[in-house]
Amino acid sequence: RELLADTGSIYVHLDWHVAHYVKVILDDVFGKRFLRNEIVWCYNGPGSPGMRQFNRKHDTIYWYSKSDTWQFNDREIRTAHSDKTLENFKAGLAGSGFVSENYDLATEGKVPESWWNMAIAGRYPIDGVKRVGYETEKPLPLLERIIKASSSRGDLVADFNGGSGTTAAVAEKLGRRWITTDLGKPACMIMRKRLIDQSAKPFLYQAIGDYQ
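What counts, and where the lines are drawn
- Residues numbered from 1 in each chain as written.
- Predicted model: local features only at pLDDT ≥ 70, side-chain atom pairs only at ≥ 80, totals over all residues.
- Heavy atoms only, no water.
- Pairing = 2+ DSSP bridges.
- Helix = DSSP H or I, 4+ residues; strand = E, 2+ residues; numbered from the N terminus.
- Axes fitted to C-alpha atoms, helices over the stretch in contact; angles between N-to-C directions.
- Contact = heavy atoms within 4.5 Å.
- Core = buried A, V, L, I, M, F, W, Y, C linked by side-chain atoms within 4.5 Å.
- Buried < 20%, exposed > 50% of the residue type's maximum accessible area, 1.4 Å probe, protein only.
- 1 Å grid on protein atoms, 1.4 Å probe; cavity = no way out; pocket = protein on both sides within 12 Å on 5 of 7 lines; lining within 4 Å.
- Points joined across faces, edges and corners; volume = space filled by probe spheres on them.
- Nonpolar A, V, L, I, M, F, W, Y, C, P; charged D, E, K, R; others polar.
- Patch = residues over 30% accessible without salt bridge, like charges linked within 9 Å, V, L, I, M, F, W, Y side chains within 5 Å.
- Areas by Shrake-Rupley, 256 points an atom, 1.4 Å probe, with all protein chains shown as cover.
- Salt bridge = Lys/Arg side-chain N within 4 Å of Asp/Glu carboxyl O.

Where do I start with the sheet that holds strand β1 (residues 9–14) in this structure?
Strand pairs in the sheet, formed through backbone hydrogen bonds, run parallel or antiparallel to each other. A sheet is described by the order of its strands in space; here four strands give the open sequence β1-β3-β2-β4, paired in mixed fashion. The open sheet has two edge strands with one neighbour each: β1 and β4 (115–117). Adjacent strand axes in the sheet meet at a mean angle of 20° when their direction is disregarded. Taken together, the three bridges between strand β2 (residues 35–42) and β4 define a ladder with parallel strand orientation. In the strand pairing of β4, Cys-42 is matched with Asn-117. Contacting β1, β2 and β3 (58–65), helix α1 (residues 19–30) runs over the sheet at an angle of about 5° to β3.

Can you help me understand the nonpolar core in this one?
Burial of nonpolar side chains together is a common tendency in soluble globular proteins. If you look at the biggest cluster of nonpolar residues, it comprises 22 residues, and the most contacted ones within it are Trp-41, Trp-116, Leu-142, Ile-147 and Val-170. With five residues, the single largest contributor to this core is helix α4 (residues 140–150). Every residue in contact with Leu-142, bar those within four places of it in the chain, is listed here: Trp-41, Ile-61, Trp-116 and Met-118. Ala-19, Phe-30, Tyr-62 and Tyr-64 belong to the second-largest nonpolar core, a separate cluster that totals seven residues.

Would you explain the layout of surface pockets in this entry?
Roughly 670 Å³ of volume is contained in the second largest pocket. Every residue lining the second largest pocket is counted, 20 residues in all, and those nearest its centre are Asp-182, Cys-188, Gln-206, Ala-207 and Ile-208. Sorting the residues of the lining of the second largest pocket by element identifies β6 (177–180) and α6 (185–197) as the ones contributing at least two each. Sorting elements by how many residues they give to the lining of the second largest pocket places α6 first, with five residues. Residues of the lining of the second largest pocket, tallied by class, amount to 12 nonpolar, four polar and four charged.

What's the story with the environment of Trp-115 in this structure? I'm lost.
Turning to its location among the elements, Trp-115 is positioned in strand β4. The exposure class of Trp-115 is partly exposed, given its relative accessible area of 49%. Apart from the residues within four sequence positions on either side, Trp-115 is in contact with Val-40 and Cys-42.

When you look at a nonpolar patch on the surface in this model, what are you seeing that I'm missing?
Taken together, the side chains of Leu-3, Leu-156, Phe-160 and Ile-179 make up a nonpolar region of the molecular surface, amounting to roughly 430 Å² of accessible area. Locating Leu-3 in the fold gives a position in the segment before β1. Its relative accessible area of 75% is what places Leu-3 among the exposed residues.

Here it is in structure tokens:
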């Protein structure tokens, strides 16, 4: 929390095992009123034979701001309205007061809902950023939306559980500065190779303390 700028945000991604426990800690550290969204990242996939329950196909992301002056670049992350919404607008929604008369839904788009349906291994539109097949690797569009929403070009993005380096890779492509760390030496090697293969700007690679 102390490392965050006053306009900064933290996104904490967890699955169903511990998300509810960690939220209590986040409420204590950041304050309940600074919870901006509980985001549900959902995805489809085949079920497991013999399961006697609904398939677990979502993870939770808690977004907290540090203060009331948090940054949110809604124009950077807007998505297209559905055809049904556009039809409703043409049928009279424009005069309902729900949106202004001069608002063009087709052009403006909308701020996404707090549930994000994104494939775990989804394709990515930015050239030069590729998946590396790491076990807990996050989909690139997931990090793109988060980084675009809560930072601007030149801002500093930090991921202290870097894993495969997805956060740093996307931050680099989007013109942000970044710091990423991981306790595991294999993860650090994968991150370093990924950024080099991506032709990232020169960066410092540093080992601190005893790996064991």
